[in-house]
Amino acid sequence: MNFSHDELQQELARTEATFALAIRHAGGGHDPALERQLDGHGRSLRAMLDADAAVVVDDALDAAKRVLDAADPAAPLLMLEMARANLAAVARRSSRLRDAA
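Residues numbered from 1 in each chain as written. Predicted model: local features only at pLDDT ≥ 70, side-chain atom pairs only at ≥ 80, totals over all residues. Heavy atoms only, no water.

**Comments concerning the overall build of the protein**
Scanning the protein from N- to C-terminus turns up four helices and zero strands. Moving toward the C terminus, one meets the helices and strands of the protein in the order α-α-α-α. Based on the C-alpha atoms only, the size of the protein along its principal axes is roughly 45 × 25 × 20 Å. Evaluated residue by residue, the protein yields a buried proportion of 37% over its 101 residues. In the protein, the proportion of contacts linking residues at least 24 apart, taken out of those at least 6 apart, comes to 70%. By element, 55% of the accessible surface of the protein is carried by carbon and sulfur atoms, the whole surface being about 5800 Å². (Helix = DSSP H or I, 4+ residues; strand = E, 2+ residues; numbered from the N terminus. Buried < 20%, exposed > 50% of the residue type's maximum accessible area, 1.4 Å probe, protein only. Contact = heavy atoms within 4.5 Å. Areas by Shrake-Rupley, 256 points an atom, 1.4 Å probe, with all protein chains shown as cover.)

**Things to note about helix 2 (residues 32-48)**
Taking 1.5 Å per residue, 17 residues should reach 24 Å; helix 2 reaches 24 Å between its end C-alpha atoms and fits that length. Looking at helix 2, one finds that the buried residues are Leu 34, Glu 35, Leu 38, His 41, Gly 42, Leu 45 and Met 48. Here the buried residues of helix 2 occupy an arc of 140 degrees about the axis, which is enough to place them on one side. Facing away from the buried surface of helix 2 by more than 90 degrees, the exposed residues are Arg 36 and Arg 43. (Expected span 1.5 Å × (residues − 1). Arc of directions from axis to C-beta.)

**Concerning helix 1 (residues 5-24)**
Residue pairs three or four apart in sequence face the same way in an α-helix, which turns once every 3.6 residues. Along its 20 residues, helix 1 runs 29 Å from first to last C-alpha, staying within 8% of the 28 Å computed at 1.5 Å per residue. Among the residues of helix 1, Leu 8, Glu 11, Leu 12, Thr 15, Thr 18, Phe 19 and Ala 22 are the ones counted as buried. Axial view of helix 1: buried residues confined to an arc of 120 degrees, hence all on one face. Every exposed residue of helix 1 that faces more than 90 degrees away from the buried side is listed here: Asp 6 and Arg 24.

**What about the packing of helix 1 against helix 3 (residues 54-69)?**
Any two packed helices are characterised by the angle at which their axes cross and by the distance between the axes. It is the contact of helix 1 with helix 3, at a shortest axis distance of 8 Å, that shows an interaxial angle of 25 degrees. One finds that helix 1 runs roughly parallel with respect to helix 3. In this structure, helix 1 meets helix 3 at a crossing whose hand is left-handed. Taken together, the residues of helix 3 that come into contact with helix 1 (itself represented by Phe 19, Ala 22 and Ile 23) are Ala 60, Leu 61, Ala 64, Val 67 and Leu 68. Its residues placed into classes, the contact of helix 1 with helix 3 shows eight nonpolar, no polar and no charged. (Axes fitted to C-alpha atoms, helices over the stretch in contact; angles between N-to-C directions. Parallel < 35°, antiparallel > 145°, perpendicular 65-115°, else oblique. Left-handed = near helix turned anticlockwise from the far one by under 90°. Nonpolar A, V, L, I, M, F, W, Y, C, P; charged D, E, K, R; others polar.)

**Some details on the side chain of Glu 35**
The residue Glu 35 is located in helix 2 in this model. One buried charge, Glu 35, has no salt-bridge partner; the nearest side chain with opposite charge is Lys 65, at 5.0 Å. Excluding residues within four positions of it along the chain, Glu 35 makes contact with His 30, Lys 65, Leu 68 and Asp 69. (Lys, Arg positive; Asp, Glu negative; His and termini not counted. Salt bridge = Lys/Arg side-chain N within 4 Å of Asp/Glu carboxyl O.)

Shape is all these values report; function is a separate question.
As structure tokens, this is what we get:
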């Protein structure tokens, strides 16, 4: 499927909003609704990005889930921040490659 730059940016914005929600609930324990929301973002982003980006998407989603379950969320929060930066870089690269094609 072919997705526009705007559609990718909208999905990234929705994903970032869910990451922010996970950060607000850091250390709060398992939240099935939030985890389902994260999984939905993962499915969308994997479809929009190339196959190599799937690992980066999974890393970011796993980091967000670890933030929820961590007794001391300091390290998982740092991991999530790095994963978010990697995801943003992959999305920018994907957009540039699409524009060049």
